[in-house]
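Residue-level structural notes
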Amino acid sequence: MRLILASQSPRRKELLGLFGIPFTVRVADIDETMDPAAEPAAEVARVSRCKALAVSRQQEDVVIAADTIVVCQGRVLGKPRSEQEAMEMLALLSGRDHQVMTGVTVLHRDEARTFTEVTDLHFRELTQGQMLRYVKSGEPMDKAGAYGIQGGAALFCTRLVGDYYNVMGLPVCRLGEVLRQMVPEMMGD
């Protein structure tokens, strides 16, 4: 039995490492386009499930796949494709509440469990200069919503309700519970 992470995200690798279980990385090559008419929490869960099912594995292997989005005022924010788009995303988040949603799928044998973890956040008002400096740092460019809570964006967040690690891309507490239920032998239970 092997543990497989279907993600190349350095943050997800780091967070899965908290479990102390050796794992391999296999990136799922799928179309991650979301249906803008669908409910965001359901769509991010669907994408995580597609990732898990796309990874080659043996029957006994355990696959973990995740996808993260930011939702603000009904708009889904993925990873910015340009510095201009990153600035637009940060301007939208400035002074507002938003949600980070991570869809997670755990696949083992013929069972797949999928869930979406939601964390609520509030950003203080940001100046144009603060946003520009942050974008020029390069940090926002590979992150949903154009920010990393574990980096420079820690200076923007005035309130966070929910799983902090979910905002980084992997809700480790809930994932641990699902793993304990599905593969207790892997978790040492």
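Our structure is the block above this text.
In this report, the structure presented in the accompanying data block is examined. (Residues numbered from 1 in each chain as written. Predicted model: local features only at pLDDT ≥ 70, side-chain atom pairs only at ≥ 80, totals over all residues. Heavy atoms only, no water.)

**Quick look at the side chain of T105**
With respect to the helices, strands and loops of the structure, T105 is situated in strand β5 (residues 97-108). Given a relative accessible area of 1%, T105 falls into the buried group. A distance of 2.8 Å separates the side chain of T105 from the side chain of S48, its partner in a polar contact. A polar contact of 2.9 Å, which involves the side chain of T105, links it to the side chain of T114. (Helix = DSSP H or I, 4+ residues; strand = E, 2+ residues; numbered from the N terminus. Buried < 20%, exposed > 50% of the residue type's maximum accessible area, 1.4 Å probe, protein only. Polar contact = N/O pair within 3.5 Å; in protein donor to acceptor, adjacent residues only side chain to side chain.)

**Let's talk about the packing of aromatic side chains**
Going through the model one piece at a time under the given rule, you end up with four aromatic pairs. Seen from their ring centres, F123 and F156 are 5.8 Å apart, and the 70° between their planes marks the pair as edge-to-face. Taken together, the residues span a long stretch of sequence, with F123 in strand β6 (residues 111-123) and F156 in the loop between α4 (128-136) and β7 (157-161) at a distance of 33 residues. Residues F123 and F156 agree in their burial class; the two are buried. One aromatic cluster in this structure is built from F123, Y134, Y147 and F156. (Phe/Tyr/Trp six-rings, centres within 6.5 Å; stacked < 30°, edge-to-face > 60°.)

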